[in-house]
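Next come the chains, spelled out residue by residue.
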Amino acid sequence: MSDLRILDDAEARARLDPGGMGAAVRDLPDQCRDAWEEARRLELPPAYREIERIVILGMGGSAIAGDFLRLLLARECPVPVLNQRHYDLPPYVDDRTLLIASSFSGNTEETLSAFQQGLATPAKKLVLTTGGRLLTTARANGVPAFVFQFRGEPRAAFGYGLMPLLAVAETLGLMQGIARDVDETLSAMQSLRSRIGEEVPLAENAAKQLAGRLTGRLPVIYGAELLTEVAHRWKTQLNESSKVWAFSEQLPEANHNALVSFVLPKEVARLVFVVYLQSPDMHPRVALHYEFSRKALAEAGVEYTEVQAEGKSALAQAMTSVLMGDYVSYYAALLNGVDPTPTTEIDSLKAWLARQK
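If you're wondering where the values come from, they're calculated on a predicted model, not measured in any experiment. (Residues numbered from 1 in each chain as written. Predicted model: local features only at pLDDT ≥ 70, side-chain atom pairs only at ≥ 80, totals over all residues. Heavy atoms only, no water.)

Draft legend 1. Region of interest: empty space enclosed by the protein. If you walk through the whole model with that rule in mind, you get one cavity of 30 Å³ or more. Reported here for the largest cavity is a volume of approximately 40 Å³. Lining the largest cavity are Met21, Ala24, Val25, Leu28, Arg155, Ala156, Phe158, Arg233, Gln237 and Asp326. Taken together, the elements giving at least two residues each to the lining of the largest cavity come down to helix H2 (21–26) and helix H10 (227–240). Broken down by element, the lining of the largest cavity gets its largest block of residues, three residues, from H2. (1 Å grid on protein atoms, 1.4 Å probe; cavity = no way out; pocket = protein on both sides within 12 Å on 5 of 7 lines; lining within 4 Å. Points joined across faces, edges and corners; volume = space filled by probe spheres on them. Helix = DSSP H or I, 4+ residues; strand = E, 2+ residues; numbered from the N terminus.)

If you want it as structure tokens, here you go:
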């Protein structure tokens, strides 16, 4: 077991985090505010309101932001959001489609490939990026672009992935009251940050304590409804920042398959630590699935804990849960003795793919 006291040691944190991931996590509420304010100034042609679907091209954090929009929009709007994590464009893209290509670097090859195909369609098009070939292509073809500046890892720019999508939905009249929800979300995130930030001691810090419980374990994150994608975000943050295996599960779906597998293999069951992401607003029948699943875990001897979302709106509950997960993954990285910033293997993959012509 790692010495949890390093989480309260500013010098140790600085030594283990030379890339400044802790600062990036701390800045997420402010980033969300800036991204929201910048994106609301984006002007779109009036014809962009005449759509029947939204298709988002993206990978990694950009794709997860699209999944958040899909679930948020589904609560109030008949326009579906479909996310394409692939090289090819889906066949249903037409003149009633808003095609959004989202890539932090602007050089994500899957996104570029699908977007190039999209240029030959009559779809309404939009690009979200910092630059790269995606921005060059968009400008050469007269495609509106939201261009943002961010220094850091793509996964740390989640605010710039999600908030522009929400601003676009507001501009197109697809979401009502989202500005109010954003204001509440920012306040809720700031409140949570004041309780789980680096300077809050271990004894009073729920994120540090949870990171300690996850150290040396196999994290499995459960979520339902909107928190399904938050669980996915936790999983990917634990992968990339903490450099550990992690998995996410969706309720009630998991209770129709994973439920029967809690006991075996015994060696794995002893290593698993389950985190249930919970919302006070979930469907009452889904809440029963949580209850039964926890009971089954306890009978199988699998350790678990619960993390409650904060805030009134769905957006606030999702983003406070994201912030908690980002802090947990950051603290877990420090306890693992790894630099949370670099993703060397992903960089190697991209370089290797670039050589495969």
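Draft legend 2. Representation of unusual backbone geometry in the model. A cis amide bond links leucine 251 to the next residue, proline 252, at an omega of 5°. Among the secondary structure elements, proline 252 is positioned in the loop between strand E7 (247–251) and helix H11 (266–271). At the junction of leucine 264 and proline 265, the peptide bond is cis and its omega measures out at -15° in the coordinates. Within the secondary structure, proline 265 sits in the loop between E7 and H11. Residue lysine 243 is not a glycine yet carries a positive backbone phi of 60°. By secondary structure assignment, the location of lysine 243 is in the loop between H10 and E7.

Draft legend 3. Fine view of the sheet that holds strand E1 (residues 53–57). Pairing is parallel across the open sheet formed by five strands, whose spatial order is E2-E1-E3-E4-E5. Edge positions in the sheet fall to strand E2 (81–84) and strand E5 (145–147), since each has one partner strand and no second. Here the average twist between neighbouring strands, direction ignored, is 15°. As paired strands, strand E3 (residues 97–103) and strand E4 (residues 124–129) are joined by six bridges and run parallel to one another. Paired with isoleucine 100 across the bridge in E4 is leucine 126. Of the strands in this sheet, E1, E3 and E4 touch helix H5 (residues 109–118), which is tilted by about 150° from E3. (Pairing = 2+ DSSP bridges. Axes fitted to C-alpha atoms, helices over the stretch in contact; angles between N-to-C directions. Contact = heavy atoms within 4.5 Å.)

Draft legend 4. Fine view of the environment of proline 340. Topologically, proline 340 is positioned in the loop between helix H13 (314–336) and helix H14 (344–355). Sequence separation of proline 340 and glycine 20 is 320 residues, and the distance between their C-alpha atoms is 8.5 Å. Those residues in contact with proline 340 that sit more than four places away from it in its chain are Leu16, Asp17, Met21, Arg155, Glu240, Ser241, Lys243, Tyr330 and Ala333.

Draft legend 5. Geometry of the pairing of E4. Of all six residues making up E4, six are buried, and the element is well covered by its neighbours. For the crossover that starts at E3, traverses H5 and ends in the parallel E4, the hand is right-handed. (Buried < 20%, exposed > 50% of the residue type's maximum accessible area, 1.4 Å probe, protein only. Right-handed = clockwise from strand over helix to strand, strands pointing away.)

Draft legend 6. Focus on the sheet that holds strand E8 (residues 272–278). In spatial order, the strands read E7-E6-E8-E9; together these four strands make up an open sheet with parallel pairing. Lying at the two open borders of the sheet, with one neighbouring strand each, are E7 and strand E9 (303–308). Each strand of the sheet is rotated relative to its neighbour by a mean of 25°, with strand direction disregarded. The sheet contact formed by strand E6 (residues 218–224) and E8 spans five bridges and is parallel. Across the sheet, valine 220 pairs through a bridge with valine 274, a residue of E8. H10 rests against E6, E7, E8 and E9 of the sheet, and its axis sits at about 160° to E6.

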